[in-house]
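Single-letter residue listing:
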Amino acid sequence: EVRIGKRVYLLVDTAGIRAKRRLASRIDAVSRIKAFQAVQRADACLGLLDGSQGIVQDDLKLLDRVATLGKPVCLAVNKWDLLPKGIQPKEVALQIARRAPFLKEAPVVLTSAKTGLHLVEALEKAGELALATLRRITPEEEGNLLERLCSDPHAPPGVKNSSFRTLKQVAVAPPTFHLVVRARRSLKKAELAFL
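Only a predicted model underlies this, so the values are computations on that prediction, with no experimental measurement involved. Note on numbering: residues in each chain are counted from 1, in written sequence order. pLDDT decides what is reported in this predicted model: residues at 70 or higher carry local features, side-chain atom pairs at 80 or more are listed and counted, and totals for whole chains, interfaces and linings draw on all residues regardless. Note: side-chain values were computed over all heavy atoms of the structure, leaving out hydrogens and water.

Q: Looking at this structure, I do not really get the environment of Glu124. What am I missing?
A: Structurally, the position occupied by Glu124 is in helix α4 (residues 119–132). Separated by 117 residues in the primary sequence, Glu124 and Arg7 have C-alpha atoms spaced 8.9 Å apart. Residues count as neighbours in contact if any of their non-hydrogen atoms are within 4.5 Å of one another. Glu124 has contacts with Ile4, Arg7 and Tyr9, leaving out every residue within four places of it along the chain. Numbering of helices and strands runs from the N terminus, with a helix taken as a DSSP run of H or I at least four residues long and a strand as a DSSP run of E at least two residues long.

And the structure:
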């Protein structure tokens, strides 16, 4: 437990996730399962990335699971003190979004465990994300979101050729929506991921 101001955070440090084919022992396999269980129980996740390596395949596997479960994630890029001088969080966020487009909306905080720089900020940002998952949007915002879906120029072909009828928020934590779509064919996995 960590208290920052009036908020209390319960931090669960998971083991790193290795690809299944690289699990060296039973301990690695159990660690992987426990990490995924911790993600499932979390209100929000703080993804700790090694700034000197960038986002690696094992990071992508875990963060994909986080996204699939609908958990909000803040990315803390550690070892900022080792990155080239003058690099900005926006540049790092763009590099991450190129490698993992599903993380393009995730806030990025450059941190240093060595100096303690921005660690509290990263934790607070994850806390804000957790609170945001409890929010219900208004009918007007539902309409605006539906409008954005209909007019997004980056939408894949199956989405562009679909007709969006209604959008209604049905749950929170994670925010869950019921979307009625009329499509000429079943949407592919990537098209559903876009939505």
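Q: Just checking my understanding: could you explain helix α2 (residues 57–68) for this structure?
A: Along an α-helix, a turn takes 3.6 residues, which lines up residues three or four apart on a common side. End to end, α2 covers 16 Å across 12 residues, agreeing with the expected 16 Å (1.5 Å per residue, within 8%). The set of residues buried in α2 consists of Asp58, Asp59, Leu60, Leu62, Leu63 and Val66. The secondary structure elements touched by the buried residues of α2 are α1 (26–41), β3 (45–50), β4 (73–78) and α3 (89–99). To estimate the expected span of a helix, count its residues, drop one, and scale the result by 1.5 Å. Accessible area is worked out with a 1.4 Å probe on protein chains only. A residue is then buried under 20% of its type maximum, exposed over 50%, and partly exposed in between.

Q: Mind showing me how you'd approach the pairing of strand β6 (residues 163–171) here?
A: A regular strand places its side chains so that they alternate between the two faces of the sheet. The pairing criterion for strands is at least two bridges between them, as found by DSSP. Looking at chain direction, β6 and strand β7 (residues 176–182) are connected through 7 bridges and run antiparallel. Considered in β7, the bridge of Lys168 is made with His178. Where β6 hands over to β7, the hairpin turn is made up of 4 residues, of which Ala173 adopts a positive phi near 50°.

Q: Would you mind showing me how to read unusual backbone geometry here?
A: The step from Ala173 to Pro174 runs through a cis peptide bond, and the omega angle for that step is 0°. By secondary structure assignment, the location of Pro174 is in the loop between β6 and β7. The backbone phi angle of His118 is positive, close to 65°, even though this residue is not glycine. Considering the arrangement of structural elements, one finds His118 in the loop between β5 (108–110) and α4. Here His118 falls in the partly exposed class, since its relative accessible area comes to 29%.

Q: Help me understand helix α5 (residues 139–151) in this model?
A: Over its 13 residues, α5 runs 19 Å from end to end, which matches the ideal 18 Å to within 8%, given 1.5 Å per residue. For α5, the complete set of buried residues consists of Glu142, Leu146 and Leu149. Buried residues of α5 fall within an arc of 55° about the axis and therefore sit on the same side. In α5, those exposed residues whose orientation departs by more than 90 degrees from the buried face are Glu140, Glu147 and Arg148. In this structure, the buried residues of α5 make contact with β6 and β7. Within this analysis, the arc is defined by the directions that extend from the helix axis to the C-beta atoms.

Q: Even after reading the chapter, I still don't get the pairing of β3, so can you show me in this structure?
A: Across the two faces of β3 the burial differs, with Cys45, Gly47 and Leu49 buried and Leu46, Leu48 and Asp50 not buried at all. The sheet contact formed by β3 and β4 spans 6 bridges and is parallel. Across the sheet, Gly47 pairs through a bridge with Leu75, a residue of β4. We call a crossover right-handed when, viewed with both strands directed away from the observer, the connection leading from the first strand over the helix to the second proceeds clockwise. In this region the chain leaves β3, passes through α2 and returns to the parallel neighbour β4; the handedness of that crossover is right-handed.

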